[in-house]
Every structure is written in structure tokens, then in C-alpha cells.
Amino acid sequence: MKFNISHVGKIESAEIEIKPLTIFIGQNNSGKTYAASSLWAILNYIEENTSTLPNSKNALVSEETYQKYKNIFKEILVNFSIKETPYTVKIMKRELNELEKEINKNIIKRSSEILTKCFKYNDFKTSTLFISDSSKSALTFTFELEEHSSIDTDNVDNNFSDFEEVENSYTLNIKANKRTILRASSIPLKSIREGFSEIIPRHIIKFIIYYSYLGDMEKEFRETIYVPAARTGLMYGIHDIVQGSFELNNQFLINKRLSNEKLNDKLQLTAPLIDFISSINKKSSPMRRALLTSKTKPKRGSNSLKVMIDGDISLNNTSKNFEYTPKNNLLNIPLPATSSLITELAALNILEEDIREGALLFFEEPEAHLHLAAQRQMARFIVTLINKGCHMITTTHSDTFLQQLNNLLMLDKISKYNPAILSELEIEKDEIMSNDKVAVYDFYCDSSKTQVNRLDFGKYGFVADSLNEVIFKLATETQRINDEIDNLTIKE
């Protein structure tokens, strides 16, 4: 899947292929957050509008296209017969590509609106966003019925419409390329033919739109989690921010997370930041609160953040603020009173159970405020998340983080010939992965424009010129100063 962005901030134009791990490297103010936030915005916009009816201004496809697919699936449901199931419908790749073009036409037209909604200011009149995907295959839908009645339908007269169907109930199972996308239990056949023939096609069309746009990666991007670089300050007072400042604004999918809270127009935060606050606030709901404060939390592996912070994050039921509990210590410490390591990783610790297979995590500056040793540990942790099926977009300034990642990628190749090297270096098997799962982009910025360059994986990994240039200058300066110090020593 490729994300295309142009005329956004300093980014003139870029095509970014999304891999399980996609990394943006570059100096401050080069456009890394703009790129990550723009991708988040377009994915959430698609998710929000896949079920929008064709007469809406935000509809992704025309009424003609919508009705075409609705009629196909409605006809199947209206004429459902037990003896003729399963029914199959195939949508060819050519048709899906045409749908992608139609959706992109609408997305490009609304790019300025999407970005204005995301960043909360209007300076995107010439900006364009769109996604292209070549991974999709033809879609085959299968409609299956499982009967829950003891009546033997094989002995029923062929005129099935005369049969008393009220006593029978069925499970309707709809699959797309053998994966279940909708399953409804205990439904009379009459309901499938009548009421459900209107409802179910809308769900199927939503899936078709999503799949035609994101291809085989559609199941990976249904849940997006954004962890911003500004997480520490927001974590300190999330409860107060939510209670005092939010009003519902139906901004992307945020209303799903804020329940009855409303977003105050005076709160000048970008949509990804509000989404982050909303995700953390969701953990403060009564049901989530019980899990966060329970002694029987789901077990986490040796690579979890719980190990990195040498403790855990819990919720204070009185103050509704999060606190840190050190390992083997009953004392709960308010987050502002803890170290920067704890505050930086607290949000990820709270959200860790949501970062699972099929989730897309936007993680800005994972190395922020971390000692070099912790940066190395963070790189190893991120690889374990990718190996569990999570996708991640991350931004970084750290050569240490990138070098540790390079080591883990090169070890994937080396360990095939020398398995003992992993134990020698004290690295677990789930902490290494193939370099073809990673795409690295260097955001190289001059005074006004940013050039986004994809880095090749070479003999020694990914080499980022924007980082190496600074390191080289520092090394040259250091050597020059050291030479002068040595000259002074000789003169003395």
C-alpha cells in the first residue's frame, strides 16, 4: 500500500510505501509529524465514511455505484433458499480498481477539508492526499446458512415459500475470500428475505469500499492508535482536560471514544492529539478501570513495557489520574513525581493491550527522554510488536535507535547460519525480523522544502544521511578541538 502526499507543510511531494514497520527519520520541523498525521487522517476519514449513504456530501462512491452493489446482494437475500446455499458472488480485481479510482477522486477533492479537520487550521488549499494499493485480489463472497431447527428440510416440498418458516431459525455466515465478515445468529428465513435484505448489503458495501481502497491490508488498519510526541504533558492532566474542555464535535471517529463528552472548540489540539486523549480517557470508564486496577491483569511477555519501567501503571479511582507502582512495592506514585522514563512510556503501557494483531500504531519519537540503553530496549520491544502482527508508523531522530534496529534486522539473516549468535548477544528470537518488513524514509529538509527519500537496506542496514551528516560534523569538530588541545599540551 502506498500513501501519496503533496503540498503539506514543507513536503512538496512524497510516495510512501507502508510496511509493517514504517520509519520517518529527519530533523525537527521537516514534516515527519505532518506525514504521519495526514495518513492517520485519511485512514480515519475512510473508516468514518465507508457506510455513508450516496446522497451524503461525504459519500465515497456515487449513487449509481452504491445501488449497483446493493442490488446484487439484495437479490441474493430476497431469493434465499436453503437448498441452494451457499451462494457466491465474485467481484473482479478490475472492478475493485475502478472503485479505488472513484474513491481517490473524492478523497483528492476533499484533501484540504480532511487536513483542516485534522490540524484545525486552514492552510491546505493546494494539498492532496490519496492511497493506492496493488495488493488486492478479486473478492469472492460466500453466503452460508446453518439451520438451528430439528425439522429435516431435505424432505420439505420444493415450494419452500409455502413452508412454515417461523419455527426455524438460522445462522447467516457471510465470508469474503473465506474470512467471515458478518455473522448473524437465530434469524428466521423470512427476516433474511425481507428486513435483512436492506441492512446486510450496506455492511457488505462498506467492506467492499474499504477493501478496494486498502487491499489485503484492510484488516490491519481497522484500529488506529496515535501516541504523540507530546504525550507526557497530556498524560499529567488527562482527567482534567477531558472533564473541563471536551464537547462532542464528531471529529473523525473520536465520538466513539468520548461517549457523552464534547470537544470544546477553544481547545486548540490537532485531531490525533485529541484521539490520543480520548483513547487514554477510554481506560477511565468503569469497565476499563476495573481491569487497570485489577491484581489479575493479562500476563505480558518478557519484552513488555511493564518490564522496561520495572513496574506498572494503574488508575486512582478517586482522582481518576494514573499512577506508577514500582515492582514489589505497594506505593502508588503520581506520574508527575516519577522519572521521564516512566512518564514517556506510561501511555504505551496503558494502551499495550490494544496494540495487537490488526492494529496500526502511530508512535512518535519512541526514543524521547530515554537513555541510550533504554532506546536499544525500545527498538527490541517494537520488533516484538511487529512480529505479533501489529503495524507501526514511527518518527525518530535517534541514530542509536536506528542502529539497534539495523542490528536486529541483520541478525535475522546471520542467525540462519549461526543460531548461537542470539544467545551470545542475549537477544530473543522474537526480537529479530526480516528487513523486507521495514521501510525507512529520510526527511531531508533545506530552508523551505523537504525531500522524502526512501532508504535502501544495504550490507550494514539502513543508512540515514540526515543523521550521519550531523554525526560527521560533530566528529570533525571534536577531532579539530582535540588536535588543538594536544597542540596546547605540546607548547606547554
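The preceding data block contains the structure.
None of the values given here were measured: they were computed from a predicted structure. (Residues numbered from 1 in each chain as written. Predicted model: local features only at pLDDT ≥ 70, side-chain atom pairs only at ≥ 80, totals over all residues. Heavy atoms only, no water.)

Asker: Can you walk me through helix 2 (residues 63–78) in this structure?
Answerer: In an α-helix, one turn spans 3.6 residues; hence positions three or four apart end up facing the same way. Taking 1.5 Å of rise per residue, the 16 residues of helix 2 would be expected to cover 22 Å, and the 21 Å separating its terminal C-alpha atoms lies within 8% of that figure. For helix 2, the complete set of buried residues consists of Thr65, Tyr66, Tyr69, Lys70, Phe73, Ile76 and Leu77. The arc that holds the buried residues of helix 2, viewed along the axis, is 125°, so those residues lie on one side. For helix 2, the exposed residues lying more than 90 degrees away from the buried face are Glu64 and Glu75. In the core, the buried residues of helix 2 are packed alongside strand 4 (87–91), helix 3 (93–109), strand 6 (139–147), strand 7 (170–176), helix 5 (189–193) and helix 6 (196–214). (Helix = DSSP H or I, 4+ residues; strand = E, 2+ residues; numbered from the N terminus. Expected span 1.5 Å × (residues − 1). Buried < 20%, exposed > 50% of the residue type's maximum accessible area, 1.4 Å probe, protein only. Arc of directions from axis to C-beta. Contact = heavy atoms within 4.5 Å.)

Asker: What exactly am I supposed to notice about the sheet that holds strand 11 (residues 322–326) here?
Answerer: Two orientations exist for strands paired in a sheet by backbone hydrogen bonds: parallel and antiparallel. The strand order 10-11-12 describes an open sheet built from 3 strands, whose pairing is antiparallel. Looking at strand neighbours, the two that pair on one side only are strand 10 (311–315) and strand 12 (333–334), the edges of this open sheet. Relative to strand 12, strand 11 runs antiparallel, the two sharing 2 bridges. Residue pairing across strands places Tyr324 opposite Ile333, the latter belonging to strand 12. Docked against the sheet, helix 13 (residues 340–351) engages strand 10 and strand 11, running at close to 70° with respect to strand 10. (Pairing = 2+ DSSP bridges. Axes fitted to C-alpha atoms, helices over the stretch in contact; angles between N-to-C directions.)

Asker: Would you mind showing me how to read the environment of Pro54 here?
Answerer: Relative to the helices and strands, Pro54 is located in the loop between helix 1 (32–49) and helix 2. Overall, the relative accessible area of 17% leaves Pro54 in the buried class.

Asker: I'm lost on the packing of aromatic side chains in this one. Help?
Answerer: Pairs of aromatic rings are described using the distance from one ring centre to the other and the angle between the two planes. In the structure shown here, the tally under the stated rule is 13 aromatic pairs. Between the aromatic rings of Phe24 and Phe443, the centroid separation amounts to 5.0 Å while the plane-to-plane angle is 50°, which identifies the pairing as tilted. A residue pair is termed long-range when its members are at least 10 positions apart, and Phe24 in strand 3 (residues 21–26) and Phe443 in strand 15 (residues 438–445) qualify at 419 residues. As far as the burial class goes, Phe24 and Phe443 line up, both buried. Both rings, one in Phe141 and one in Phe207, keep their centres 6.2 Å apart while their planes meet at 80°; by these two values the pair is edge-to-face. Placement of Phe141 in strand 6 and of Phe207 in helix 6 is noted, with a sequence separation of 66 residues between them. For Phe141, a relative accessible area of 0% corresponds to the buried category. An aromatic cluster is present here, built from Phe73, Phe141, Phe143, Phe207 and Tyr211 joined pairwise through their rings. (Phe/Tyr/Trp six-rings, centres within 6.5 Å; stacked < 30°, edge-to-face > 60°.)

Asker: Help me understand the sheet that holds strand 8 (residues 179–187) in this model?
Answerer: Here 4 strands make up an open sheet; going across it, the order is 4-6-7-8 and the pairing antiparallel. Only two strands of the sheet have a single neighbouring strand rather than two, namely strand 4 and strand 8. Strand-to-strand twist in this sheet, taken as the mean axis angle between neighbours without regard to direction, amounts to 15°. Pairing analysis gives 5 bridges linking strand 4 to strand 6, with the strands arranged antiparallel. Bridged to Tyr87 within strand 6 is Phe143. On the sheet, helix 2 packs against strand 4, strand 6 and strand 7 and is oriented at approximately 170° with respect to strand 4.

Asker: What's the story with the pattern of salt bridges in this structure? I'm lost.
Answerer: For side chains bearing opposite charge, pairing can occur when the charged atoms are close. Tallied over the full model, the rule gives 15 salt bridges. Put simply, Glu17 and Arg454 hold a salt bridge, and the shortest N to O gap is 2.5 Å. With Glu17 in strand 2 (residues 11–17) and Arg454 in strand 16 (residues 450–454), the pair connects residues that are 437 residues apart, well separated along the chain. Glu17 gets classed as partly exposed once you look at its relative accessible area, which sits at 23%. A residue is classified by how much of its surface remains accessible, and Arg454, at 37% relative accessible area, is partly exposed. A salt bridge links Arg380 to Glu431; the shortest N-O distance between them is 2.9 Å. Of the two residues, Arg380 sits in helix 14 (residues 372–387) while Glu431 sits in the loop between helix 16 (420–424) and strand 15, which places them 51 residues apart along the sequence. A relative accessible area of 22% means that Arg380 is categorised as partly exposed. With a relative accessible area of 5%, Glu431 lands in the buried category. The network of salt bridges with shared partners includes Lys70, Lys74 and Glu198. (Salt bridge = Lys/Arg side-chain N within 4 Å of Asp/Glu carboxyl O.)

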